[in-house]
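Here's the letter readout for the chains.
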Amino acid sequence: MATPGAVVQRRQLRTELKKARTKAGLTQLEVAARMDWSPSKLIRIEAGQVGVSTNDLRALLHEYGIVDQQRLDYFLELARASRKMPYREYRGLLPKPYMDLLSYEVAASIVRSFEPLVIPGLLQIEEYTRATSLAFAPHITGERMDRAVEARLQRQELLESEHRPEFFFIIDEAAIHRWTGGPGVMKSQLLHLKEMATRPGISIQIVPFSVGAHVGLQGSFVLLEFNGEMDDILYLEKTSGDSVFSDDTEATSRYLETFWALEAQAPREDLPRLIDRAIEGMNGVPEARPSVEVSVEA
């Protein structure tokens, strides 16, 4: 099981460093001058864009008047952990924003996810994951595709962790009617979804077609909440492949209200009926045969 990685620890470190500087009554420009740094270096450290060496950190904490060994050890451990990357073996294969999401999930206390088109990754069976991976990245084949699928399935170990977050998933009904991987794969996926909905700490709801147009049609999103002083984080994955993280309070609050509105439109007790109806629509449908290229000689 992966532990909270660099992205989480760096965010915690930046929060603590900003608090320490503010308590010391110093501005960024004053600290940069005392450290003989460019102002941009301190700005990047406090923004969590770069790590900080232990030597630089010790000197920085000295300027902030932090000399207690226990406090020093706390900051130094955060700095060391901020350079440790979970899923290191998949670097270069998985997009960095996706790897950052994995770190945030492990550290979160609550994860809220809405998906209008596909089953959420944490709830996918292997065949469904492979089918979506092939559709999203047809240029990746063979061993690279196997490793990409392996990495995405490894993420699901979090669901079995003793200290897992509390999960709330909302899916639009369109996602359960799309025959991803074919009717056979999709039926297995839906039965898995139905079983996962019975597990403690996991809530799954489906927004039915009967609701009509709703606010969730604007796109998928993930909201992550954390214990302690770490700000909530919003994750938006765009169709262009770019992903955005934000800890802006106005944005996270707005999307939390959106999630609550979707919850109200998706009664939990309707999930078994909606899934059974989707499966019934696939019964008796033959699996599609793979296309075969035929060469005809003149």
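You'll find the structure just up there.
To start, this report covers the structure provided alongside it. Every chain is numbered on its own, with residues counted from 1 as its sequence reads. With the structure being a predicted model, the display of local features is reserved for residues of pLDDT at least 70 and the display and counting of side-chain atom pairs for 80 or more, all residues being used for whole-chain, interface and lining totals. With hydrogens and water stripped out, all remaining heavy atoms of the structure feed into the side-chain values.

### Some points on the overall build of the chain
Counting its secondary structure elements, the chain contains 12 helices and 6 strands. Buried, partly exposed and exposed residues are distinguished by accessible area as a fraction of the type maximum, computed with a 1.4 Å probe on protein chains only: under 20%, between the cut-offs, and over 50%, respectively. In the chain, buried positions account for 45% of the 298 residues. Expressed as a percentage of contacts within the chain between residues at least 6 apart in sequence, the contacts between residues at least 24 apart total 74%. Using a 1.4 Å probe, accessible areas were evaluated by the Shrake-Rupley method; residue-level cover was limited to the displayed protein chains. A total of about 16000 Å² of accessible surface is found on the chain, and carbon and sulfur atoms cover 50% of it. For the purposes of this entry, the term helix denotes a DSSP run of H or I that reaches at least four residues, the term strand denotes a run of E that reaches at least two, and both are numbered from the N terminus. By definition, residues are in contact when any of their heavy atoms lie within 4.5 Å.

### A short note on helix α8 (residues 142-154)
Between its terminal C-alpha atoms α8 stretches 18 Å, which fits the 18 Å expected from 13 residues at 1.5 Å a residue. Regarding α8, the residues found buried are M145, A148, V149 and A151. Within α8, the buried residues cover an arc of 160° as seen down the axis, which keeps them to one side. Multiplying 1.5 Å by the residue count of a helix minus one yields the expected span of that helix. Here the arc refers to the set of directions running from the helix axis out to each C-beta atom.

### Describing the sheet that holds strand β3 (residues 202-207)
A sheet is described by the order of its strands in space; here 6 strands give the open sequence β3-β2-β1-β4-β5-β6, paired in mixed fashion. Of all the strands in the sheet, the pair left with one neighbour each is β3 and β6 (243-246). Along the sheet, successive strands turn relative to each other by an average axial angle of 10°, direction set aside. By the bridge criterion, 6 bridges tie strand β2 (residues 166-172) to β3 in an arrangement that is parallel. Residue pairing in the sheet places F168 in a bridge with S203 of β3. For every element, the axis is a line fit to its C-alpha atoms; helices are fit only across the contacting stretch, and the angle between N-to-C directions ranges from 0 to 180 degrees. Packed on one face of the sheet, helix α6 (residues 96-107) meets β4 (221-225), β5 (233-237) and β6 and runs near 35° to β6. The sheet contacts of helix α11 (residues 249-264) involve β1 (110-115), β2, β3, β4, β5 and β6, and relative to β4 the element is tilted by about 110°. Two strands make a pair as long as DSSP finds a minimum of two bridges between them.

### Considerations on the pattern of salt bridges
What counts as a salt bridge is simple: a side-chain nitrogen of Lys or Arg found within 4 Å of a carboxyl oxygen of Asp or Glu. If you walk through the whole model with that rule in mind, you get 13 salt bridges. Here R21 ties to E46 by a salt bridge, and the two come within 2.7 Å at their closest N and O atoms. Separated by 25 residues along the polypeptide, R21 in helix α1 (residues 6-23) and E46 in helix α3 (residues 39-46) bring together distant segments of the chain. Judged by its relative accessible area of 12%, R21 is buried. Exposure remark for E46: the relative accessible area of 4% places this residue in the buried category.

### Brief notes about the side chain of S113
In this fold, S113 is placed in strand β1. The exposure class of S113 is buried, given its relative accessible area of 6%. Among all residues touching S113, those that are not within four sequence positions of it are P120, F168, F169, I170, F221, V222 and F259.

### A few points about the packing of helix α2 (residues 28-35) against α3
Two numbers describe how α2 lies on α3: the axes approach to 8 Å, and their chain directions differ by 120°. Relative to α3, the element α2 is oriented oblique. The two elements α2 and α3 meet at a crossing, and its hand is right-handed. Contact with α2, carried on its side by Q28, L29, V31 and A32, involves P39, L42, I43 and E46 of α3 and no other residues of that element. For this scheme, ten residues count as nonpolar: Ala, Val, Leu, Ile, Met, Phe, Trp, Tyr, Cys and Pro. Four count as charged, namely Asp, Glu, Lys and Arg, and the remainder, Gly too, count as polar. Its residues assigned to classes, the contact of α2 with α3 comprises 6 nonpolar, 1 polar and 1 charged. Roughly parallel means an angle under 35 degrees; roughly antiparallel, over 145; roughly perpendicular, 65 to 115; everything else is oblique. Whether a crossing is left-handed or right-handed is set by the direction in which the near helix is turned from the far one by less than a right angle, anticlockwise for left-handed and clockwise for right-handed.

### Focus on the nonpolar core
Counting 38 residues, the largest nonpolar core has I119, I176, L190, L193, I204 and L224 as its most contacted members. Listing elements by their share of this core, those giving two or more residues are α6, β2, α9 (173-177), α10 (183-196), β3, β4, β5 and α12 (271-280). Other than its neighbours up to four places away in sequence, L190 contacts I176, I275, A278, I279 and M282. By nonpolar core we mean a set of buried residues, namely Ala, Val, Leu, Ile, Met, Phe, Trp, Tyr and Cys, connected to one another through side-chain atoms within 4.5 Å. Listed in part, the 20 residues of the second largest apolar core include V52, L61, F75 and L76.

### Re the packing of α10 against α12
Look at α10 against α12: their axes get within 10 Å of each other, and the N-to-C directions meet at 170°. With respect to their mutual orientation, α10 and α12 come out roughly antiparallel. Here K187, L190, L191, L193 and K194 of α10 lie close against α12, whose contacting residues are L271, P272, I275, D276, A278 and I279. A per-class count over the contact of α10 with α12 returns 8 nonpolar, no polar and 3 charged.

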